[in-house]
Amino acid sequence: MTRPELEATDRRIVELLAVDGRMSYTDLGKATGLSTSAVHQRVKRLEQRGLITGYGATIDHDAIGLPLAAFISVTPIDPAQPDDYPERLQGIEEIESCWSVAGEESYILKVRVATPADLEDLLARVRAAANVSTRTTIVLSTPYENRPVT
């Protein structure tokens, strides 16, 4: 997949919003040399083109009681089974992300839970829901995450 071509001003707008999704049109205009209305039009166009797909908050997971993050690698027990694991697992709320990957595993899940016992329970539910084997990596710390694309 090729990266969509962006002219310099649109690229700068995307970079600024990646760092601060709540940046005002006025501040975007000051940073890019455009009027507020011109920035607004450009942002709307970038959204319509699918280059900006949404805005979100960065959450302090420790503060909301979910300090334990882990990656769960999922491998089918029966390779002849339909590849519908994301659908089978979508109702499990502790799963934050699900990536289809190349390699031994079929998918890697990013999960967040409160305790090791909760992780153990989650693993049992994932295995039962999808009829898969799992390999788990517990996150010790996160030096950085969700770095903006520049």
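For the structure itself, consult the block above.
Residues numbered from 1 in each chain as written. Predicted model: local features only at pLDDT ≥ 70, side-chain atom pairs only at ≥ 80, totals over all residues. Heavy atoms only, no water.

**Student:** What exactly am I supposed to notice about the pattern of salt bridges here?
**Tutor:** Two side chains bearing opposite charge may form a pair once their charged atoms approach each other closely. Evaluated as defined, the whole model comprises 12 salt bridges. Here Asp84 and Arg88 are joined by a salt bridge, their closest N and O atoms 2.8 Å apart. Given a relative accessible area of 25%, Asp84 falls into the partly exposed group. With relative accessibility at 29%, the residue Arg88 sits in the partly exposed group. (Salt bridge = Lys/Arg side-chain N within 4 Å of Asp/Glu carboxyl O. Buried < 20%, exposed > 50% of the residue type's maximum accessible area, 1.4 Å probe, protein only.)

**Student:** How should I be thinking about the packing of aromatic side chains in this particular structure?
**Tutor:** How two aromatic rings sit relative to each other is set out by the distance from centre to centre and by the angle between their planes. In this structure the tally under the stated criterion is two aromatic pairs. Ring geometry for Tyr85 and Tyr107: centres 6.0 Å apart, planes at 70 degrees, overall edge-to-face. Pair noted here: Tyr85 is in helix 4 (residues 85-89) and Tyr107 is in strand 3 (residues 107-113), with a separation of 22 residues, a long-range link. According to the relative accessible area criterion, Tyr85 is buried, its value standing at 3%. Residue placement shows Arg147 over the ring face of Tyr144; its charged tip is 4.3 Å from the ring centre. (Phe/Tyr/Trp six-rings, centres within 6.5 Å; stacked < 30°, edge-to-face > 60°. Helix = DSSP H or I, 4+ residues; strand = E, 2+ residues; numbered from the N terminus. Lys NZ or Arg CZ within 6 Å of the ring centre and 35° of its normal.)

**Student:** What is the right way to look at the pairing of strand 1 (residues 68-76) in this model?
**Tutor:** Walk down a regular strand and you will see the side chains alternate between the two sheet faces. In terms of burial, strand 1 is largely enclosed, as seven of its nine residues are buried. Bridge count for strand 1 against strand 3 is seven bridges, and the pairing is antiparallel. In the strand pairing of strand 3, Ala70 is matched with Val111. Across seven bridges, strand 1 lies against strand 4 (residues 132-138) in antiparallel orientation. Pairing of Phe71 across the sheet is with Thr137, part of strand 4. (Pairing = 2+ DSSP bridges.)

**Student:** I keep staring at the sheet that holds strand 2 (residues 95-100) and nothing clicks. Help me out?
**Tutor:** With antiparallel pairing, the four strands of this open sheet are ordered in space as 2-3-1-4. Of all strands in the sheet, those bounded by a partner on one side alone are strand 2 and strand 4. Each neighbouring strand pair of the sheet contributes to a mean axis angle of 20 degrees, computed without reference to strand direction. Contacting strand 1, strand 2, strand 3 and strand 4, helix 5 (residues 116-130) runs over the sheet at an angle of about 155 degrees to strand 4. (Axes fitted to C-alpha atoms, helices over the stretch in contact; angles between N-to-C directions. Contact = heavy atoms within 4.5 Å.)

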